[in-house]
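Examination of the molecular architecture
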Amino acid sequence: MAKTALKGNPVNTNSDLPSVGSQAPMFSLTKVDLSELSSSELQGKRVILNVFPSVDTPTCAQSVRTFNEEVSHLANTVVLCISQDLPFALARFCGAEGLDNVVSASAFRSSFAEDFGLKLLESPLAGLTARAVIVLDEKGSVLHAELVSEIAEEPNYEAAKAVL
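Report on the accompanying structure. For clarity, every value in this text was computed on a predicted model and none was experimentally measured. (Residues numbered from 1 in each chain as written. Predicted model: local features only at pLDDT ≥ 70, side-chain atom pairs only at ≥ 80, totals over all residues. Heavy atoms only, no water.)

With respect to the secondary-structure elements, Ser63 resides in helix α1 (residues 58-70). Separated by 50 residues in sequence, Ser63 and Ala113 place their C-alpha atoms 18 Å apart. When residues no more than four places from it in sequence are discounted, the contact partners of Ser63 are Asn50, Phe52, Arg131, Pro155 and Tyr157. (Helix = DSSP H or I, 4+ residues; strand = E, 2+ residues; numbered from the N terminus. Contact = heavy atoms within 4.5 Å.)

See below:
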C-alpha cells in the first residue's frame, strides 16, 4: 500500500507502483471510440502513462495539456492519459482543447488501477486513480515511476522526460 495526499490529508492506494526495472503489468484500456487498447499493441514504443483522477479537474486537465505539448517531438513515444473517466468525457476534453499528441484512455472497465497500485482507497476520490506518471521502455520495463505525493499537484514532467 502506498500513500499520497489530498489537500494534505493522507490517502492510501491499494498497493505500490511497479518498481523501476520491473516489467509493467499487462493492461487493457478503453479508447475514446470505445475500442480496446491493449498494452501488447504498444510493444516497440516508449510509453508514458499519465494517470490522474479525472480530466474534469484543473490539475488533471493541465497534466494532459502539458504532456500533449512536451512530448510532441519525442520519437517513438506514446503518451497515454488514463483515468476512470468515461471515454466520452476524455473525448470531449481533448476535442475541445485540440489535444492530439496524446492518447486518452479510460480504465473504467479494467483492472488497470488495481494492477498498477493506483486505486485510491479512501477520501472523496475513493475508487478513482491516484496521480502518477510511469514511463516504460520499448519492452514494457519500468524506467520511471512517480506517485505524486499531493493529488492536487502536477507530476514532475522533467523527471519523466529525462529517462527518455
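Our focus in this paragraph is empty space enclosed by the protein. Empty space left among the atoms is revealed by rolling a probe the size of a water molecule over them. Tallied over the full model, the rule gives 1 cavity of 30 Å³ or more. The calculated volume of the largest cavity comes to roughly 100 Å³. Along its surface, the largest cavity is lined by 15 residues, and Phe27, Ser39, Gln43, Leu136 and Gly140 are the ones closest to its centre. A class-by-class count of the residues in the lining of the largest cavity yields 7 nonpolar, 4 polar and 4 charged. (1 Å grid on protein atoms, 1.4 Å probe; cavity = no way out; pocket = protein on both sides within 12 Å on 5 of 7 lines; lining within 4 Å. Points joined across faces, edges and corners; volume = space filled by probe spheres on them. Nonpolar A, V, L, I, M, F, W, Y, C, P; charged D, E, K, R; others polar.)

Once that is clear, we can look at a nonpolar patch on the surface. A grouping of Leu34, Leu86, Phe88 and Phe108 is seen on the molecular surface, where their side chains present a nonpolar patch of about 380 Å² in accessible area. Assignment of secondary structure puts Phe108 in the loop between β7 (103-106) and α3 (112-115). In this structure Phe108 comes out as partly exposed when scored by relative accessible area, which is 34%. (Patch = residues over 30% accessible without salt bridge, like charges linked within 9 Å, V, L, I, M, F, W, Y side chains within 5 Å. Areas by Shrake-Rupley, 256 points an atom, 1.4 Å probe, with all protein chains shown as cover. Salt bridge = Lys/Arg side-chain N within 4 Å of Asp/Glu carboxyl O. Buried < 20%, exposed > 50% of the residue type's maximum accessible area, 1.4 Å probe, protein only.)

A few words now on the side chain of Arg131. By the element assignment, Arg131 lies in the loop between α3 and β8 (132-136). It turns out Arg131 is buried and unbridged, and the closest side chain with the opposite charge, Glu154, is 7.8 Å from it. Separated by 2.9 Å, the side chain of Arg131 and the backbone oxygen of Glu153 make a polar contact. (Lys, Arg positive; Asp, Glu negative; His and termini not counted. Polar contact = N/O pair within 3.5 Å; in protein donor to acceptor, adjacent residues only side chain to side chain.)

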